[in-house]
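# A structural walkthrough
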Amino acid sequence: MNVLPVNKFGALETPFYYYDVELLKNTVASVLAEAGKYDGFHVHYAVKANFNPRLLQIISAAGLGADCVSGGEVQAALGAGIAPSKIVFAGVGKTEKEIRFSLAAGIFCFNVESLPEAELINELAGECGRKAEIAIRVNPGVAAHTHANITTGLAENKFGINYELLPEVIAEVQKMENLSLIGLHFHIGSQILEMEDFVALCNRVNDIQDMLESDMGLQLPHLNVGGGLGIDYEKPLDNPIPDFAKYFATYANCLKRREGQQVHFELGRSIVGQCGTLVTRVTYVKHGTCKKFVIVDAGMNDLVRPALYQAYHEIDNLTSDATAEAYDVVGPICESSDVFAKDRMLSQTKRGDILAIRSAGAYGEAMAFGYNCRKLADAYLSSEI
Ligand SMILES: *Cc1c(COP(=O)(O)O)cnc(C)c1O
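Residues numbered from 1 in each chain as written. Predicted model: local features only at pLDDT ≥ 70, side-chain atom pairs only at ≥ 80, totals over all residues. Heavy atoms only, no water.

For the coordinates displayed, the defined rule picks out 16 salt bridges. We note a salt bridge from Arg100 to Glu96, for which the minimum N-O separation is 2.8 Å. Residue Arg100 and its partner Glu96 are located together in helix α5 (residues 96-105), separated by 4 residues, close to a single helical turn. On the accessibility criterion, Glu96 (40% relative accessible area) is partly exposed. Taking the shortest distance from any N to any O, the salt bridge between Arg258 and Asp210 comes out at 2.8 Å. Of the two residues, Arg258 is situated in the loop between α9 (244-254) and β10 (262-267) and Asp210 in helix α8 (residues 195-216); the sequence distance between them amounts to 48 residues. (Salt bridge = Lys/Arg side-chain N within 4 Å of Asp/Glu carboxyl O. Helix = DSSP H or I, 4+ residues; strand = E, 2+ residues; numbered from the N terminus. Buried < 20%, exposed > 50% of the residue type's maximum accessible area, 1.4 Å probe, protein only.)

Near the ligand lie 14 residues; those nearest to it are Lys48, Ser190, Glu266, Arg269 and Tyr363. Measuring from an oxygen atom of the ligand, one finds a backbone N or O atom of Gly268 at 3.0 Å. For the ligand, whose accessible area on its own is 390 Å², the fraction buried by protein is 95%. Spatially, the ligand is embedded in the largest pocket. Each residue belonging to the shell around the ligand can be placed in one class, and the counts come to 3 nonpolar, 6 polar and 5 charged. (Near = heavy atom within 4 Å. Polar contact = N/O pair within 3.5 Å; in protein donor to acceptor, adjacent residues only side chain to side chain. Areas by Shrake-Rupley, 256 points an atom, 1.4 Å probe, with all protein chains shown as cover. 1 Å grid on protein atoms, 1.4 Å probe; cavity = no way out; pocket = protein on both sides within 12 Å on 5 of 7 lines; lining within 4 Å. Sits in = over half its atoms within 2 Å of the grid points. Nonpolar A, V, L, I, M, F, W, Y, C, P; charged D, E, K, R; others polar.)

The subject of this paragraph is the pairing of strand β8 (residues 179-185). For a regular strand, side-chain orientation follows a simple rule: the groups alternate between the two sheet faces. Counting buried positions along β8 yields 7 of 7 residues, so the element is predominantly enclosed. Across 6 bridges, the pairing between strand β6 (residues 132-139) and β8 is parallel. Paired with Ile136 across the strands is Leu184, a residue of β8. Considered for its hand, the β-α-β crossover made up of β8, α8 and strand β9 (residues 222-224) is right-handed. (Pairing = 2+ DSSP bridges. Right-handed = clockwise from strand over helix to strand, strands pointing away.)

The full count for this structure, using the stated rule, is 1 cavity of 30 Å³ or more. Considering only enclosed or pocket space, the largest cavity measures out at about 50 Å³ in volume. Those elements that place two or more of their residues in the lining of the largest cavity are β5 (109-112), β8 and β9. Class assignment of the residues belonging to the lining of the largest cavity gives a composition of 7 nonpolar, 5 polar and no charged. (Points joined across faces, edges and corners; volume = space filled by probe spheres on them.)

This is the structure we're talking about:
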């Protein structure tokens, strides 16, 4: 699986993203099969991980819903054919325009992150004579064992409403005529590989549900536990598909669902991460005094994760199998953080070689930018070349 057709790469302008459609389809099939083992489990693809329309179409055709964090993403999900009834919309800063658009589209649920936001949705829903279904995004105060920049469930993070404030906020929301509170939403972070973190979230959700029931007599029909399941960046070829069985079983075992309660998941990285590769060509090999640099034509603007999160990506030289040497693999951009790997063992590399930077399907193309007047890299699907 994930064998790259290097013979076809020579003619293409580098860098580019290459997506293995078969792997994506197998991954989506695995998600659906594993979630499908439990009644009332629904999976929404987190569009922000990769909004390439051709990938979205594959994901939509397989039947997943969408988790969006902007009006543009709601539009992209609709454009890919995802039914409005399967779209949820989170985000701390939803604008009036985005809310109006999503109300008109008739999305399933707004995941509301503050009281002022609830007030605005209430007002705008009233204007168009609708009742908006909302879930409250709760900041559960649960730490995730991942990089500090991608934890979201702590009091210091901007996301959601602190669980201690929940009863007051719910009391306010219940007074708003054009809102219908249907659930609670959580999302504790990304690239989480320890199931214990999800167990901790379940425990907190259970406590909150007990509290709402005993203090307010409130039971809600939906729980949305977010996404965050990680992928194996170190051994992508050995583990191309994440362990969805273990992930969903954790929730099935630990979440105390009320009768008929539906559970929603928002997976991004775990669905698209491994199907994507950033393919880049070596422009120069430069020998410094203490290091050898492989300078490639991809930069941090094409894949920002290493610069942003000190993230690890496997790198293989697809055109050399000579003895390995240690290199720093760097991009051409005028920033010292434009580094893909330090002291990485790579087959002896020369100008013109083609490198594969693996596991670039999530938060790669989606986070690309044009710094240094660089053109956004093209994307190719395995089914097209
Ligand atoms: C980013 C995000 C997700 C998806 O996270 P992954 O780690 O890619 O699974 C899910 N829900 C919300 C609200 C998000 O912001």
